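Analysis of the macromolecular model
Chain by chain, the residues:
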Amino acid sequence: MTRTEPPATPASPSTLPSASASTPTSTPTSTPLVLLDTDPSRPPAGAQKVASASPRLLQSTEHHFCSGCGEPVALRLLLEVLDELGVADRAIGVVGHGCYGGFVTTMDVDILQCLHGRAPSCATGIRRMRPEAVVFTIQGDGDMINEGLQEVLHTAARGENVTCVLLNNGVFGDTGGHMTAATVVGQRTKTSLEGRDPAIHGYPIAVADMIAGLSGVGYVARGAVHSGPGITTTKRMLRRAFERQLAGAGFSLVEILTMCPTGWFVPAAQGGTYSEQQLAGAYPLGELAGGGPAGQATAGGGAGGRVDAAAR
Amino acid sequence: MPAVLIESSDLFRCRIEPVARHSFILSKGSAYALQCEAPFPPRPDGRGIHGEIPMTVTQPPPTPDAPSASAGAGISVGSDQGTSLLLSGSEAVARASIDAGCRFFAGYPMSPFTNLLESFSKLMRGPERVCVAAESEIEGANMAIGAAATGARAATGSCGQGLALMQEAIAESALNETPLVFFNMARSQQDYFQATRGGGWGDYRTIALAPKDVHEAIEHTHLLFHLADLYRVPTLFYGDHFIAHTEVGVTPHVPDLGPLPPKDWALDGRAGGSGRSKLHWTWNMGKVLDPGPGPDAHWRAVAAKFDEIRRLERRWEVDHPNADVMVVSFGTAAGFVEHVARELRAEGLSIGTFRPITLWPFPEEALAEATEDSRHVLVFEVNAGQMVDDVRLSVGDRSKIRSIGGISADESGLRYGALLDVPAVRARILAATGLEAAR
Ligand SMILES: Cc1ncc(C[n+]2csc(CCOP(=O)(O)OP(=O)(O)O)c2C)c(N)n1
Ligand code: SF4
């Protein structure tokens, strides 16, 4: 994917709700997570390769994602969790339409690449026919909150024992940076050139919060991959979601805020800061339902067991 | 012996002996013909008895508990085999689906499809067989894709209106090769284009069978599941409210339709982590260690498969081919047309009928042959003229073709109107040919 020049400078962080108060995981603004912002073969000055480990369930490290994209980080965590839980040989994933679809050929688990937005419904059909399987979806905010909002809500309310993984970058990354139902107020996209204006575009939908309030839900959490601690926490959330599924606790959702420097029209290295200040500012991180030790799911929804993400 | 034509509200469940095959309705609205067992006890007020038509009559041991008693969780419908049951078309189709091994159904209510959904819901109460009350047609269709992607026999359905919402899913299951049965219990014959052309994207077709009565609906149900698996395609059942609601005597049986290829493509998750995991996708890319053909080659292969189906799977019924007048009709309407044709033949008219059983693939050559020497090719369909396009594509001399059907709905818009009745069909045929039947 080629980087496009920003249509304008991003909205000033000061016009947006502060992220730092509610998101202690966030990296201090002065030291954003450094990501390769140009040619991946040229690490930034001073960077040191510490390890070269790819998840066992990844068949190839080749991919076509932009520099600084957060989705490969999130997907890596998902694969690691499936592997660590020992469920790779009974996992079936359903993948929607977005950049993350680029991994369907390299993830070493069975995958149904489904219609845009419909993954939770397909997952329902799979779950009902294969009770022994570990069933999950991978969807973006465009896929889940725009095209498929009713699917995920109904699937959650039905208490379907599946895990949906939402990669929320606040844009349709795949189509080139357009406004989604999750684009935060003030965010510039190609279809909200002056920034998302509630008077014109309305407000974003915090789908995880909506779902956390539904009965039939086993676990809901929101993490982010723009910082080291955030990555660690997000992995724990994924693990917990799948543990809930294995315990038969009902529907689980892990929303992961992922960087999309291309769709945000910022340099790759600024993706982390942008995610922390703009996305996490609007979508506070933490467990929203079913938190606490595995097996003690607070089915019935509500903000049960909400934890401070940084502390975990 | 006379049989009676009775209101469906007068029907009660009973066990009856096997009855002869054809028991069709020759009236409209809520009156349904029944192969009834005996002098059906007339109601004191005379309501419900609409007239007498010749039918097979057998003996009458009404036992009120019959079929519904065995309906329940994980029932084995096969256990009823050999016993005749009085079933509505919807119940019969749902039971046939289960006999065919259907394990998953999802649907959203819409009359007259609702009865089919209710029947599945009654018969498939999990965990072995599941009927999900889907929150929308779109969700139902995609649930069915998910279920079918695991290798289970699965189905969904609606009326034309709901099928309109499922077009994306129908195309998807054609292009990612997911065997799936779609039931259209339609309100009319106005979904012919939808059934035969479809509104999804890409180069795909849908095998569409249009049964003319409940008995054929049962056969078609088995066939649709079979063809779906044989070719890895979605298949479509095009019924209507007569098929959905008419109650007839049914002897459940499971036909042997031949061997099927193994479902080695089905997702079970078992190969995960071994390097041999599977990817089910309309692009057919395979996995990086075992690449698939990719979109260009895959879509060509799918298109070639549909060419093959077009060659092999055409089905039709013809009576008195190359008569002076040939009337082409499908589904329930064909039952009326065939009855009128028999009457007119008895009166001395040279008239035959042709009925495409597969709407797609349309039996083009067979129709061309059956009408070669005819002077009139009349197309009777209860819509503004949809199948007539296929007739025009088939019959060499288009000047012979006349469309004699039309839109006809009752005041509710949910059912056929006055046109689908014997006198009306007869009048249209005679008017179009300018012929008077010999007296
Ligand atoms: C029915 C349909 N409409 C539109 C598209 C085009 N499309 C492809 S990906 C995408 C959105 C992706 O957004 P998101 O899910 O947020 O994922 P991201 O690319 O940001 O990772 C869209 C609209 C499509 N594939 N199908
Ligand atoms: S999500 Fe954004 S950054 Fe990632 S690959 Fe897509 S466009 Fe590029």
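Conventions used here
Residues numbered from 1 in each chain as written. Chains lettered and ligands numbered in written order. Predicted model: local features only at pLDDT ≥ 70, side-chain atom pairs only at ≥ 80, totals over all residues. Heavy atoms only, no water. Salt bridge = Lys/Arg side-chain N within 4 Å of Asp/Glu carboxyl O. Helix = DSSP H or I, 4+ residues; strand = E, 2+ residues; numbered from the N terminus. Buried < 20%, exposed > 50% of the residue type's maximum accessible area, 1.4 Å probe, protein only. Pairing = 2+ DSSP bridges. Near = heavy atom within 4 Å. Polar contact = N/O pair within 3.5 Å; in protein donor to acceptor, adjacent residues only side chain to side chain. Areas by Shrake-Rupley, 256 points an atom, 1.4 Å probe, with all protein chains shown as cover. Core = buried A, V, L, I, M, F, W, Y, C linked by side-chain atoms within 4.5 Å. Domains from an automatic or database assignment. Contact = heavy atoms within 4.5 Å. UniProt positions renumbered as here; feature names shortened; annotations may be inferred. Buried area = accessible area lost by both parts, 1.4 Å probe. Axes fitted to C-alpha atoms, helices over the stretch in contact; angles between N-to-C directions.

On to the pattern of salt bridges. Residue and element names in this part refer to chain A. Following the criterion strictly, the structure yields 36 salt bridges over all chains and no others. Between Lys235 and Glu80 there is a salt bridge, with the nearest N and O atoms lying 3.0 Å from each other. Taken together, the residues Lys235 in helix H7 (residues 228-246) and Glu80 in helix H1 (residues 71-84) connect sequence positions 155 residues apart. Notably, a salt bridge pairs Glu151 with Arg118, separated by 2.7 Å at the nearest N-O pair. Taken as a pair, Glu151 in helix H4 (residues 149-157) and Arg118 in the loop between strand E2 (110-113) and helix H2 (119-129) lie far apart in primary sequence, 33 residues in all. When sorted by exposure, Glu151 lands in the same class as Arg118, which is buried. Through salt bridges with shared partners, a single network forms among Arg76, Glu80, Glu84, Lys235, Arg239 and Glu243.

Attention now goes to the pairing of strand E17 (residues 351-356) of chain B. Residues and elements named next belong to chain B. Buried residues dominate E17, accounting for six of its six residues. Strand direction decides the pairing type here: strand E15 (residues 316-319) and E17, joined by four bridges, are antiparallel. By the bridge assignment, Asp319 is partnered in E17 with Thr353. Pairing of strand E16 (residues 325-328) with E17, which is carried by four bridges, proceeds in the parallel orientation.

Glu71(A), Tyr100(A), Gly142(A), Gly173(A) and Asp174(A) are the nearest of the 18 residues found near ligand 1. Residues near ligand 1 are shared among chains A and B, making this a multi-chain site. A distance of 2.9 Å separates an oxygen atom of ligand 1 from a polar atom in the backbone of Asp143(A). Val171(A) is positioned such that a nitrogen or oxygen atom in its backbone is 3.0 Å from an oxygen atom of ligand 1. Here ligand 1 has 590 Å² of accessible area as a free molecule, and 76% of this is covered by the chains. Mapped by element, the contributors of at least two residues to the shell around ligand 1 are helix H3 (141-147) and strand E5 (171-172) of chain A.

Our next topic: the nonpolar core. The tendency in soluble globular proteins is for nonpolar side chains to be buried as a group. With 171 residues, the main nonpolar core has Leu82(A), Ile211(A), Phe104(B), Phe183(B) and Val391(B) as its most contacted residues. Shared between two domains, this core holds at least three residues of each, these being domain 1 (71-260 + 307-312) and domain 2 (316-433) of chain B. Those residues in contact with Leu82(A) that lie beyond four places of it in its chain are Leu57(A), Val87(A), Ala88(A), Ala91(A), Val109(A), Val134(A), Phe136(A) and Phe242(A). With 23 residues, the next largest nonpolar core counts Val340(B), Leu378(B), Tyr416(B) and Ala432(B) among its residues.

For the rest of this paragraph, the subject is the environment of Pro261(A). Residue and element names in this part refer to chain A. Structurally, Pro261 is set in helix H8 (residues 261-264). A relative accessible area of 1% places Pro261 in the buried class. In sequence terms Pro261 and Gln187 are 74 residues apart; their C-alpha atoms lie 13 Å from each other. Once residues within four sequence positions are removed from consideration, Pro261 is found in contact with Ser67, Gly68, Cys69, Val266, Pro267 and Ala268.

What follows concerns the UniProt feature "domain: Thiamine pyrophosphate enzyme TPP-binding" (unreviewed entry) in chain A. Taken from the UniProt record, the annotation "domain: Thiamine pyrophosphate enzyme TPP-binding" (unreviewed entry) applies to residues 115-256 of chain A. Helix makes up 39% of residues 115-256 of chain A and strand 22%, and the two end C-alpha atoms of the span are 21 Å apart.

Let's shift gears to the domain arrangement of chain B. Residue and element names in this part refer to chain B. For chain B, the domain assignment lists domain 1 (71-260 + 307-312) and domain 2 (316-433). Centre-to-centre separation of domain 1 and domain 2, based on C-alpha positions: 26 Å. The interface of domain 1 with domain 2 comprises 26 residues on the first partner and 30 residues on the second. In total, about 2600 Å² of surface goes out of reach between domain 1 and domain 2, with carbon and sulfur atoms giving 56% of it. Its largest share of buried area at the contact with domain 2, domain 1 owes to Gln189, Tyr192 and Lys212, together 31% of the area lost on that side. Scanning the region where domain 1 abuts domain 2 turns up four salt bridges. Between Arg197 and Asp390 there is a salt bridge, with the nearest N and O atoms lying 2.8 Å from each other. Put simply, domain 1 and domain 2 have 17 residue pairs in polar contact (both at pLDDT 80 or more) between them. Secondary structure elements with two or more residues in the side of domain 1 that touches domain 2: helix H7 (192-196), strand E9 (207-209), helix H8 (214-231), strand E10 (234-240), helix H9 (241-245) and helix H10 (294-312).

So, about the sheet that holds E9(B). What the seven strands build is an open sheet, ordered E6-E5-E7-E8-E10-E9-E18 (chain B); its pairing is mixed. A strand with exactly one partner marks an edge of an open sheet, and here the two such strands are strand E6 (130-133) and strand E18 (358-360) of chain B. In this sheet, neighbouring strand axes are inclined to one another by 20° on average, regardless of whether the strands run parallel or antiparallel. Lying on the sheet, H2(A) is in contact with strand E5 (102-107) and E6 of chain B; it crosses E5(B) at an angle near 150°.

Turning our eyes to something else, we now look at the interface of chain B and chain A. Contact residues are listed per partner, giving 41 residues for chain B and 34 residues for chain A. Both sides together, the interface formed by chain B and chain A hides about 3200 Å², and carbon and sulfur atoms give 57% of it. At the junction of chain B with chain A, the criterion picks out one salt bridge. Between Glu135(B) and Arg158(A) there is a salt bridge, and its shortest N-O distance comes to 2.8 Å. The interface formed by chain B and chain A contains 24 residue pairs in polar contact (both at pLDDT 80 or more).

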